[in-house]
Amino acid sequence: MTRTHITCTINGDEVEFLCDQDETLLDALRDEVGLTGVKEGCGTGDCGACSVLLDGRVTCACLVFAPEVDGTTMVTVEGLAEAGQLHPLQQCFLEGAALQCGVCTPGFLVAAKALLDRNPDPTETEVRYALAGNLCRCTGYDKIIRAVLDAAADMQTATNGGSTAATTA
Amino acid sequence: MDYLSPVSVEEATTMLSQTPDARVFAGATDVIPQLRAGRPEPQALVDLKGIERLMALSQSDGSWTIGAAVPTVRLTESAELRAEFPGLVEAVGLIGSDQIQSRCSLGGNLCNASPAADSVPAMIVNGMRAVVASGSGTRTVPVADIVTGPGSTSLAQGEFVVEFELDRPPANTGDAYLRMTPRTEMDIAIVGASARLTLDDGVCTAATIALGAVAPTAVRVPDAEAALVGRPIDDEALAAVAAAASEACNPIDDKRGTIAYRRQVAGVLARRAVATAAERASGRETGEHRDGASQ
Ligand SMILES: Cc1cc2nc3c(=O)[nH]c(=O)nc-3n(C[C@H](O)[C@H](O)[C@H](O)COP(=O)(O)OP(=O)(O)OC[C@H]3O[C@@H](n4cnc5c(N)ncnc54)[C@H](O)[C@@H]3O)c2cc1C
Ligand code: FES
Ligand code: FES
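Residues numbered from 1 in each chain as written. Chains lettered and ligands numbered in written order. Predicted model: local features only at pLDDT ≥ 70, side-chain atom pairs only at ≥ 80, totals over all residues. Heavy atoms only, no water.

With respect to the overall build of chain A
In step 1: The secondary structure content of chain A amounts to five helices and five strands.
In step 2: Beginning at the N terminus, the succession of helices and strands in chain A can be written as β-β-α-β-β-β-α-α-α-α.
In step 3: Computed over the C-alpha atoms, the radius of gyration of chain A is 16 Å, within 12% of the 15 Å expected from 2.2 N^0.38 for a compact globule of 169 residues.
In step 4: Seen along its three principal axes, the alpha-carbon backbone of chain A occupies a region of about 50 × 35 × 25 Å.
In step 5: Here chain A holds 169 residues, and 49% of them are scored as buried.
In step 6: Put simply, 55% of the contacts in chain A that link residues at least 6 apart link residues at least 24 apart.
In step 7: Accessible surface, chain A as shown: approximately 7500 Å² in total, 46% of it carbon and sulfur. (Helix = DSSP H or I, 4+ residues; strand = E, 2+ residues; numbered from the N terminus. Rg over C-alpha atoms; globule rule 2.2 N^0.38 Å. Buried < 20%, exposed > 50% of the residue type's maximum accessible area, 1.4 Å probe, protein only. Contact = heavy atoms within 4.5 Å. Areas by Shrake-Rupley, 256 points an atom, 1.4 Å probe, with all protein chains shown as cover.)

A closer look at the site of ligand 1
In step 1: For ligand 1, the set of nearby residues contains 33 residues, the closest of which are Val24(B), Thr29(B), Asp30(B), Ser105(B) and Asp118(B).
In step 2: Mapping the residues adjacent to ligand 1 onto the chains of the assembly identifies chains A and B.
In step 3: Arg23(B) places a side-chain nitrogen or oxygen 3.1 Å from an oxygen atom of ligand 1.
In step 4: Here Val24(B) contributes a backbone N or O atom positioned 2.6 Å from an oxygen atom of ligand 1.
In step 5: Protein contact buries 91% of the 980 Å² of open area that ligand 1 shows by itself.
In step 6: At the level of elements, strand 2 (22–25), helix 7 (106–111) and strand 10 (160–167) of chain B are the ones that each hand at least two residues to the shell around ligand 1.
In step 7: If you tally residues by element for the shell around ligand 1, the top one is helix 7 of chain B, at four residues. (Near = heavy atom within 4 Å. Polar contact = N/O pair within 3.5 Å; in protein donor to acceptor, adjacent residues only side chain to side chain.)

A short note on the environment of Ile124(B)
Residues and elements named next belong to chain B.
In step 1: Relative to the helices and strands, Ile-124 is located in helix 8 (residues 119–125).
In step 2: Take Ile-124: its relative accessible area is 10%, and that puts it in the buried class.
In step 3: In contact with Ile-124, not counting residues within four places along its chain, are Val-143, Ala-144, Ala-210, Ala-218 and Arg-220.

So, the domain arrangement of chain B
Residues and elements named next belong to chain B.
In step 1: What the domain assignment reports for chain B is domain 1 (2–167) and domain 2 (173–285).
In step 2: Taking the mean C-alpha position of each, domain 1 and domain 2 sit 24 Å from one another.
In step 3: Listed per partner, the contact involves 22 residues of domain 1 and 23 residues of domain 2.
In step 4: With both sides pooled, the region where domain 1 packs onto domain 2 buries about 1800 Å², and carbon together with sulfur makes up 59% of that total.
In step 5: At the junction of domain 1 with domain 2, the criterion picks out two salt bridges.
In step 6: In this assembly, domain 1 and domain 2 are joined by 11 residue pairs in polar contact (both at pLDDT 80 or more). (Domains from an automatic or database assignment. Buried area = accessible area lost by both parts, 1.4 Å probe. Salt bridge = Lys/Arg side-chain N within 4 Å of Asp/Glu carboxyl O.)

Here's the deal with the side chain of Thr24(A)
In step 1: When you line up the elements, Thr24(A) lands in the loop between strand 2 (13–19) and helix 1 (25–33).
In step 2: Among the residues examined, Thr24(A) registers a relative accessible area of 15% and is labelled buried.

Set out below in structure tokens:
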């Protein structure tokens, strides 16, 4: 089968790669681009471990065909930290012990970033609904939800203090 | 498997006629899990999202046009659509997670032909029509006539849905959709119920009611509709709706619910959906409905 040439923007960099026509975006990101932060938990859209922002929308990379992303802009977990500074979400996950094995963490971080990008001050209920597509089999959800709420609060403080803690994709 | 990305309806119909074993897709949220589960691979996958008309959402004086491949997040984000069709928007808002809604479409939800597809009862009660394209042009079909059984549709080989037409509602009209799932989020309906009512001074002048997940396809419930038209929406009318909805079911027994349970829940949800639609039609929504949306 002829391989397809893809050009796209990932985490701010222009990226080119070759993929098979029936390859998923998840496999292409891991195997062709070398971004292994994106995880496969189920491969069927149920667990959210493969979440990426595709043109600003949170999406399961396992449910996208790699040839579809030609010309798109993506953010993966590798794009959250900036200039060596962890994103407030990452900092709060660390401080709040919101991970154990960590397989689900990149997906939670990306889905939480999508939420905070459109709703910087969510309620606990809004966080729970926004993360309903992400499963964690070890940590339990309370610490994760609390970490997201803490990050939102930190980012609000930073914004109100005059600096911007996060940029949008 | 080849990936094809046509940019016009004509190009797509040509591709589909040249490759009989091709399958169209929009969000691929049903297609990829099915391929993974071992469904035979088609020769080609035709991505409909590159066609502008399938990705357009527009309104005119008389109607809405919703592209068949529009990701449903764009419908839930539309305040205007939600104001006119809160029931339709709450139905699509129940599909999967945010990740799924970034991709999944009305065309895919309908043409996947699952009896439990959440948007279908809401599309039916609102009288939506599908514009279907093939090599010989387009035809317009009521949404209710597309699905013929689990996994099967009335679309001929090479035909696909381009867009949906949705007439703006008459004054004093309201719609609602409710589903029962074991989990609040990320679960498949045991029963779904949608209702749309038009009221004139408290008296019902038009009613449509449809159920999902209780028969091989979504079903209209004409006896429940007849029990409402010409009457006020009182306890007696609501009891008649519940009885007719339970009667209209032809459900299956499975791990998620028995036949008797599905019948009873169908009656309860139909009654509640009618009550909410009536409140919306009369502009007296209490807001209690949200909490009952799934439990
Ligand atoms: C984790 C998860 C949760 C889900 N939860 C729900 C839920 O709560 N409720 C629910 O109803 N569904 C649910 N689904 C199923 C699925 O997301 C929906 O059915 C969705 O609307 C399908 O849309 P799509 O665009 O992704 O379809 P696709 O996968 O692209 O296509 C589905 C089918 O329709 C055909 N098709 C697509 N577009 C057209 C067209 N324009 N014309 C003709 N045929 C077409 C395809 O050939 C295919 O057979 C869930 C799926 C997943 C993975
Ligand atoms: S791997 Fe994509 S949702 Fe689980
Ligand atoms: S930390 Fe192990 S799955 Fe969430």
